[in-house]
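Reading the structure
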Amino acid sequence: GMEEPGLEAEAQQLPLGCGAGAAAGRAPQGSERPQPLQASVSNGGDTDSGNELVELKVIWNKNKYDVKFCLDSTGAELKQKIHSLTGLPPAMQKVMFKGLLPEEKTLREIKVTNGAKIMVVGSTINDVLAVNTPKDAAQQEVKAEENKKEPLCRQKQHRKVLDKGKPDDVMPSVKGVQERLPTVPLSGMYNKSGGKVRLTFKLEQDQLWIGTKERTEKLPMGSIKNVVSEPIEGHEDYHMMAFQLGPTEASYYWVYWVPTQYVDAIKDTVLGKWQYF
């Protein structure tokens, strides 16, 4: 078949807005002046003046854009133009000119004149995403705030484990002393499901290993965002402790019955105050 790829490509390069009439694309480059009105030339005798330009000031987000735009283009086409200037998708634009700009009417119909100020209200997708944190995260934060009022060990999720009592193989605790980490794993503790858990500090690999009967999680120290701990009521020589493994409180890994003498060493080792002695 006789294909002419040239025409195809040319059609796609017409400028947005006044590129509707084929003649517009052939104007010599840089001719910003409105073409003389020659109604007799336009085909089919419609009295459409085709490419009369109007100068607009588009104002968005403290930015001003000087735009020359076709008077016979619609509000919807102007939104496309604004999109190319601001990156703001048309669906998220509120375009104001003496009220909300109608998408289906042309600028001529709504009497836009040279120098008209067009106000645009709207946020880019990135701004919107930054503001709308997922609901559940926000709710968790609220819950966390409410929970802070009472000691952690009275909260239901923690009571479930603590009410089992001390593990039979709990490590002895030493009050009033801060000891460095032992070279053996810390064992004899429970996790939040009441399973036995032990902590191994692999300093040479900069990892914390959390071991249960089922498996061992090997966590880089740097991936742990925070360590919190609180004495267990009635057994103040033991702490409950959590390692924060993700962005919210939901990602805390709880460990119960940590001997008090190791609490500071664990925090400092994991959070990197002093790695080696």
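Before any of the text, the structure's been laid out above.
What comes next is a walk through the structure. (Residues numbered from 1 in each chain as written. Predicted model: local features only at pLDDT ≥ 70, side-chain atom pairs only at ≥ 80, totals over all residues. Heavy atoms only, no water.)

**So, the nonpolar core**
Nonpolar side chains in soluble globular proteins tend to end up buried together. Core analysis: the largest hydrophobic core is formed by 23 residues, its most contacted members being Leu186, Leu199, Phe201, Leu208, Phe243, Ile266 and Val270. Counting only elements with at least two residues in this core, the list comes to β5 (186-191), β6 (196-202), β7 (207-211), β10 (235-244), β11 (252-259) and α6 (263-271). With four residues, the single largest contributor to this core is α6. Apart from the residues lying within four places of it in its own chain, the contact partners of Leu208 are Leu199, Thr200, Phe201, Glu217, Lys218, Leu219, Met221, Ile224 and Phe243. In this structure, Val67, Phe69, Leu78 and Phe97 belong to the second largest nonpolar core, which totals 20 residues. (Core = buried A, V, L, I, M, F, W, Y, C linked by side-chain atoms within 4.5 Å. Buried < 20%, exposed > 50% of the residue type's maximum accessible area, 1.4 Å probe, protein only. Helix = DSSP H or I, 4+ residues; strand = E, 2+ residues; numbered from the N terminus. Contact = heavy atoms within 4.5 Å.)

**So, the sheet that holds β10**
An order of β8-β7-β6-β5-β11-β10-β9 is seen for the seven strands of this open sheet, with the pairing classed as antiparallel. The open sheet is flanked by β8 (216-220) and β9 (226-232), the only strands paired with a single partner. Direction aside, neighbouring strands of the sheet carry axes that sit 30 degrees apart on average. Pairing geometry for β5 and β11, over two bridges, is antiparallel. Residue Tyr190 lies in a different strand from β11, and its bridge partner there is Tyr256. Along the sheet face, α6 touches β5, β6, β9, β10 and β11 and points at about 170 degrees away from the line of β9. (Pairing = 2+ DSSP bridges. Axes fitted to C-alpha atoms, helices over the stretch in contact; angles between N-to-C directions.)

**A few points about unusual backbone geometry**
With a phi close to 60 degrees, Lys111 is a non-glycine residue in the positive phi region. Checked against the element boundaries, Lys111 lands in the loop between β3 (94-96) and β4 (116-121). With relative accessibility at 61%, the residue Lys111 sits in the exposed group. Located in the positive-phi region is Trp257, a residue other than glycine, with phi close to 70 degrees. By relative accessible area, Trp257 is classed as buried at 1%.

**Some words on the packing of aromatic side chains**
As enumerated under the stated definition, the model contains three aromatic pairs in all. When the ring of Tyr238 is compared with that of Trp257, the centres are 5.7 Å apart and the planes differ by 65 degrees; the resulting orientation is edge-to-face. Of this pair, Tyr238 sits in strand β10 while Trp257 sits in strand β11, placing them 19 residues apart in sequence. Their ring planes at 70 degrees and their centres at 6.1 Å tell us that Tyr252 and Trp254 sit as a pair that is edge-to-face. For the pair formed by Tyr252 and Trp254, the shared burial category is buried. Among the aromatic residues, ring-to-ring pairing joins Tyr252, Trp254 and Tyr256 into one connected group. Positioned over the ring face of Tyr190 is Lys164, at 4.6 Å from the centre of the ring. Positioned above the aromatic ring of Trp209 is the side chain of Lys202, whose terminal nitrogen or guanidinium carbon lies 4.5 Å from the ring centre. (Phe/Tyr/Trp six-rings, centres within 6.5 Å; stacked < 30°, edge-to-face > 60°. Lys NZ or Arg CZ within 6 Å of the ring centre and 35° of its normal.)

**Concerning the environment of Leu78**
Inspection of the secondary structure puts Leu78 in helix α2 (residues 75-86). The exposure class of Leu78 is buried, given its relative accessible area of 0%. For Leu78 and Val95, which are 17 residues apart along the polypeptide, the C-alpha to C-alpha distance reads 9.1 Å. With sequence-adjacent residues up to four places away left out, Leu78 is seen in contact with Leu56, Phe69, Leu101, Leu107 and Ile118.

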